[in-house]
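Examination of the molecular architecture
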4 protein chains.
Amino acid sequence: MIRVTVWNEFIHERHNADVAAIYPDGIHNTIAGFLRPHPDLEVRTATLEEPEHGLTEAVCRDTDVLLWWGHAAHDRVDDAVVARVHRRVLEGMGLVALHSAHISKIFTRVLGASGVLIWREAGERERVWVTNPGHPIAAGLGDCIEIEHSEMYGEPFGIPPPEEQVFISWYEGGEVFRGGNCWRRGNGKIFYFSPGHETYPIYHHPQVQQVITNAVRWAQPQGHWAYGFRNVLPEQAHEKIVAAGPSVHGPDGTLAGG
Amino acid sequence: MIRVTVWNEFIHERHNADVAAIYPDGIHNTIAGFLRPHPDLEVRTATLEEPEHGLTEAVCRDTDVLLWWGHAAHDRVDDAVVARVHRRVLEGMGLVALHSAHISKIFTRVLGASGVLIWREAGERERVWVTNPGHPIAAGLGDCIEIEHSEMYGEPFGIPPPEEQVFISWYEGGEVFRGGNCWRRGNGKIFYFSPGHETYPIYHHPQVQQVITNAVRWAQPQGHWAYGFRNVLPEQAHEKIVAAGPSVHGPDGTLAGG
Amino acid sequence: MIRVTVWNEFIHERHNADVAAIYPDGIHNTIAGFLRPHPDLEVRTATLEEPEHGLTEAVCRDTDVLLWWGHAAHDRVDDAVVARVHRRVLEGMGLVALHSAHISKIFTRVLGASGVLIWREAGERERVWVTNPGHPIAAGLGDCIEIEHSEMYGEPFGIPPPEEQVFISWYEGGEVFRGGNCWRRGNGKIFYFSPGHETYPIYHHPQVQQVITNAVRWAQPQGHWAYGFRNVLPEQAHEKIVAAGPSVHGPDGTLAGG
Amino acid sequence: MIRVTVWNEFIHERHNADVAAIYPDGIHNTIAGFLRPHPDLEVRTATLEEPEHGLTEAVCRDTDVLLWWGHAAHDRVDDAVVARVHRRVLEGMGLVALHSAHISKIFTRVLGASGVLIWREAGERERVWVTNPGHPIAAGLGDCIEIEHSEMYGEPFGIPPPEEQVFISWYEGGEVFRGGNCWRRGNGKIFYFSPGHETYPIYHHPQVQQVITNAVRWAQPQGHWAYGFRNVLPEQAHEKIVAAGPSVHGPDGTLAGG
């Protein structure tokens, strides 16, 4: 059983009538709604205005894969929660960053990236090409996904080179974008998927739902890296050594500061 | 001319007699001292206790390669200065992170890494193996560098997979460590080099000096990526398109928040 | 069910008494023997002197993960079989290359690498460090594996940068080696694991068996990339275009040669 | 001084009137012609029908960067010459693979890739986007290069993940392609650049010429990795060891075969 948490800032759905018409219960509930029927997934949601944004220590510890959607309020996400999520990713939790999460605190922190790009909101056609057929995240798709109305996200995209490139998008207006990218950090797997602008019904598109479902399964933890330093004392060395030289550490390994 | 800034927290050299005996003017001045004779390098230093840690906007803008040494006071480095340096790296400035900088704010931020490792301060022998002969950072070296007394840094090391692996260290006590690693982020090149514990005269070692000099030249900027978003209006698209659909942005591209 | 084929050149076990004493039925049967009890694995073997080295089209098509051990007769492996195996890897078959397979035709072809290294056969101690705890291939291990008698394989190792580094070895004689490395090529996963010199009982070591079992599961196909070109005719384009300009291809897409 | 060799199969220019009209002296001479005026470049050419395809041991040894254009006769390139060039790349020679070289022996061998893609020869518009501004290969360009008539090369492209992504192409007919990719193998740098179909005057385009000139400078060797094995005898080990156990090697390190 994969324990999934769908996080959404949940702002535009409450304040913009066009968005509300498409996602009356919020983007998080639409996404949770198409994930829940899968018997291997246990799905909950969390949103910005819940205490600790709904991402308490307990929730983070009990989450295998976290999905993140945010756009208007990246700066209102608490740094302490971002650090907590970041640490969980390094320990092994999967992260699926959606659409404008490219500039969210958690996405840019976990990659050390700027996340910058060029963009245009004109409802143009996007064609998401599969660049790696047979990658588990592309399972069940054809050559490409057509999205009739989409926001353009274009290159240059401020990211480290993807470790696996699953999708690249074509836009009617003439641009391209690396919109489906995999990385690993510590033991955590990270997938970024660009489609999902809130003024179009993109998360109702069956193939987009297929990608996100595939990504959740791909990103599930495959192990755990206990986070933390460890001082190995001379007498604990695998080979016999005799300690030599001066020290800046106390006998318990603590460092003498300034 | 490569403009180099050597940054050092400069604490143990002032508070620990053993360290002071090895680096009476501080590690930064020892490093600057062996870099300065090279006519292609223009070298200055900066330290923690200077205003803005000596890393003002002007200094960052005028720096091509920044070297970073810190150990006891990582948490005293101001987040705003870290963000400024991070941004400069993404724009193209080189970063050479030395020894305990593996856990500095700037190194962990720019890579999104934990930087954790295992360690032992016992003055044991370290042998730094060249894993990529002919890499410019290994120029002028033989098969390996012997360091008679060193602090052990051991695996697992919490870093993203190095894009180029230049050195891996062997320790007398039985451990190994990826101690010479290259990454690129945005347009900036990053090199981490592990030797350099302050209680041993490691930065006086001619081959260590060779590595650092090589690294400065390798890390110099080769271009500039202007940092920032850009909104491309429908009428600016390369292909003729007709805008469609609702919007969450105002006519000037600003986003309506919550 | 993962369909596993263990390939071995099977020479030294028949011609060298020391090796025969350790592996009386051949290395392939020792490896197959510890894999077979796992109910998710269906295991067969193949060796050099069988017709087509036991790797016919049918066997390759019905293999999910191929293990490869060779040392004395790399040059006797037929190029056509190598090309067949290479193609299957690109389509999605996993490849686990063991010990001296670092210089086998299939390993060097699939990576485009030289596979060169330094080596010493002196029965010295090797310690295989886990550099990525929680990676599925390291599951069930502690910090490191101790191998009392081993052949030294040392850096520099002529490989592309590993996409995931799972193990690095320490040797008593003073060397280090990247001995546990992951790559992806096409849809296939590749794992190289260095321990396994035939004059020591290394494949009888429980933790080495654990690594190989883990690697088989990690390397299983997760999809299929149909290998081949495809000509998309102008009238098949997703966007309407009007063909223009001269051509070097006939109407059926075939190229006019010299 | 960078010593450049431009290799061309030189077939279509002699047998197809349309191609001959664009490149009367062959593609190699057009490319050599725009490289030669640069005072840091020393340029020669080589073609398929010369002895050893013009790539003798002496020529390979004296070449810093090799450019490769081929289309109709990949299978007529001698395997021994391919192995020679491959080895030189691993030692440090740069390789710039152009257009249909994606399926040449040397490109697929050096990467272990299939090089497959989808394609359409319809003279449609291509827009080559810069995905990494400030990368040295993108120096002097704007946001993108427009090529009015081009052959479509589309995804999926059978390559390992690029280590640096410099360009991605957009096509009028609706496809995308990773057309400007960097890798490193051994000490050699490899750049693939897709524009260059012979029925359009693409190598006369000033920005395409800029990219190729930049790529030559980027790919120049920065060191040399002597290719070959090395046996380190027990008495040559850095740490004192006592040899133990049986051997399959003779005293001179040669292996007893079957």
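Residues numbered from 1 in each chain as written. Chains lettered and ligands numbered in written order. Predicted model: local features only at pLDDT ≥ 70, side-chain atom pairs only at ≥ 80, totals over all residues. Heavy atoms only, no water.

1. Section: the pattern of salt bridges
Any two side chains of opposite charge can pair, given that their charged atoms come close. Taken as a whole and judged by the stated rule, the model has 96 salt bridges over all chains. The partner of R230 of chain A in a salt bridge is D143 of chain C, and the shortest N-O contact between them spans 3.5 Å. Here D143 of chain C lies in the loop between β5 (118-130) and β6 (144-154) and R230 of chain A lies in strand β10 (residues 230-231), a pairing that spans two chains. Judged by its relative accessible area of 41%, D143 of chain C is partly exposed. A salt bridge links R84 of chain C to E52 of chain C; the nearest nitrogen and oxygen atoms lie 2.8 Å apart. Of the two residues, R84 of chain C is situated in helix α5 (residues 79-91) and E52 of chain C in the loop between β2 (41-47) and α4 (57-61); the sequence distance between them amounts to 32 residues. Exposure remark for R84 of chain C: the relative accessible area of 18% places this residue in the buried category. Members of the salt-bridge network, linked through shared partners, are E163, E164, R184 and R185 of chain A together with E163, E164, R184 and R185 of chain C. (Salt bridge = Lys/Arg side-chain N within 4 Å of Asp/Glu carboxyl O. Helix = DSSP H or I, 4+ residues; strand = E, 2+ residues; numbered from the N terminus. Buried < 20%, exposed > 50% of the residue type's maximum accessible area, 1.4 Å probe, protein only.)

2. Let's talk about the relation of the copies chain C and chain B
Here chain C sits on chain B after a turn of 180° about the axis and a move of 0.0 Å along it, with an RMSD of 0.0 Å. Here the transformation between the copies is reduced to the relation of a two-fold axis. When the interface residues of chain C are mapped onto chain B, 100% of them again fall at the interface, so both copies present the same face. (Least-squares fit on C-alpha atoms with pLDDT ≥ 70 in both. Contact = heavy atoms within 4.5 Å.)

3. Here's the deal with the interface of chain C and chain B
Taken together, the contact between chain C and chain B spans 22 residues of the former and 22 residues of the latter. Interface of chain C and chain B: buried area, both sides summed, is about 1600 Å²; carbon and sulfur atoms make up 68% of it. On the chain C side of the contact with chain B, W129, W170 and V176 of chain C bury the most area, a combined 32% of that side's loss. For the interface between chain C and chain B, the tally reads zero salt bridges. Our count for the contact surface shared by chain C and chain B stands at six residue pairs in polar contact (both at pLDDT 80 or more). Mapped by element, the contributors of at least two residues to the side of chain C that touches chain B are β5, β7 (164-171) and β8 (176-185) of chain C. Ranked by residue count, the leading element in the side of chain C that touches chain B is β7 of chain C, at five residues. Here the side of chain C that touches chain B is composed, by residue class, of twelve nonpolar, four polar and six charged. (Buried area = accessible area lost by both parts, 1.4 Å probe. Polar contact = N/O pair within 3.5 Å; in protein donor to acceptor, adjacent residues only side chain to side chain. Nonpolar A, V, L, I, M, F, W, Y, C, P; charged D, E, K, R; others polar.)

4. With respect to the interface of chain A and chain B
Taken residue by residue, the interface counts 72 residues in chain A and 72 residues in chain B. Summed over both sides, the interface of chain A with chain B buries roughly 5300 Å², with 64% coming from carbon and sulfur. Considering only the surface of chain A that becomes buried against chain B, W119, F229 and P246 of chain A emerge as the three largest contributors, covering 12% of it. Taken together, the connections running from chain A to chain B amount to zero salt bridges. Summed over the shared surface of chain A and chain B, the number is 24 residue pairs in polar contact (both at pLDDT 80 or more). Mapped onto the side of chain A that touches chain B, the elements with two or more residues apiece are α1 (12-15), α2 (17-22), α5 (79-91), α6 (105-111), β5 (118-130), β6 (144-154) and β10 of chain A.

5. Regarding the pairing of β5 of chain C
Burial within β5 of chain C is extensive, with 13 of its 13 residues counted as buried. Examined bridge by bridge, β5 of chain C and β6 of chain C share nine bridges and lie antiparallel to one another. Looking across to β6 of chain C, one finds that W129 of chain C is bridged to C144 of chain C. In this structure, β5 of chain C lies alongside strand β10 (residues 230-231) of chain D, joined through two bridges in parallel fashion. When the sheet's bridge partners are listed, I118 of chain C is paired in β10 of chain D with R230 of chain D. Where β5 of chain C lies against β7 of chain C, five bridges are found, and the strand directions are antiparallel. Bridge assignment links W129 of chain C to a residue of β7 of chain C, and that residue is I168 of chain C. (Pairing = 2+ DSSP bridges.)

6. Details of unusual backbone geometry
The step from E155 of chain A to P156 of chain A runs through a cis peptide bond, and the omega angle for that step is 5°. The topology assignment puts P156 of chain A in the loop between β6 and β7 (164-171). Its identity as a non-glycine residue notwithstanding, F10 of chain B has a phi of 60°, on the positive side. You can see F10 of chain B is positioned in the loop between β1 (2-8) and α1 (12-15). We note that H99 of chain C has phi near 50°; this positive angle belongs to a residue other than glycine. Relative to the elements of secondary structure, H99 of chain C occurs in the loop between β4 (94-98) and α6 (105-111). Note on H99 of chain C: relative accessible area 1%, which makes it buried.

7. What to know about the packing of aromatic side chains
Residues and elements named next belong to chain B. Under the counting rule described, the total for this entry stands at 45 aromatic pairs over all chains. Centre to centre, the rings of Y23 and Y203 are 6.2 Å apart; their planes meet at 50°, and the pair counts as tilted. Remark: Y203 occurs in the loop between β9 (188-193) and α7 (206-219) and Y23 occurs in the loop between α2 (17-22) and α3 (27-35); sequence separation between them is 180 residues. Accessibility expressed as a relative area gives 0% for Y203, which makes it buried. Ring geometry for F167 and F191: centres 6.5 Å apart, planes at 65°, overall edge-to-face. Highlighted residues: F167 in strand β7 (residues 164-171) and F191 in strand β9, separated in sequence by 24 residues. (Phe/Tyr/Trp six-rings, centres within 6.5 Å; stacked < 30°, edge-to-face > 60°.)

8. Quick look at the environment of I168 of chain D
Take I168 of chain D: it is sitting in strand β7 (residues 164-171). Once the C-alpha coordinates of I168 of chain D and S194 of chain D are considered, the two residues, 26 residues apart in sequence, prove to be 9.5 Å apart. Those residues within four positions of I168 of chain D in sequence are excluded, and the remaining contacts are I168, V176 and R178 of chain A together with R127, V128, W129, T131, F177, R178 and G179 of chain D.

9. Things to note about the pairing of strand β9 (residues 188-193) of chain D
All names here are of chain D. In terms of residue burial, β9 counts as a mostly covered element, since six of its six residues are buried. With burial as the criterion, each face of β9 is covered, one bearing G188, I190 and Y192 and the other bearing K189, F191 and F193. As defined by bridge partners, strand β4 (residues 94-98) adjoins β9 across four bridges and the pair is classed as parallel. Its bridge partner being in β9, L95 is matched across the sheet by I190. Looking at chain direction, strand β8 (residues 176-185) and β9 are connected through six bridges and run antiparallel. The partner of C182 across the bridge, within β9, is F191.

10. Section: the side chain of R178 of chain D
For R178 of chain D, the position within the fold is in strand β8. At 3.3 Å, the side chain of R178 of chain D and the backbone oxygen of F157 of chain D are in polar contact.

All we've got here are geometric facts, nothing functional implied.
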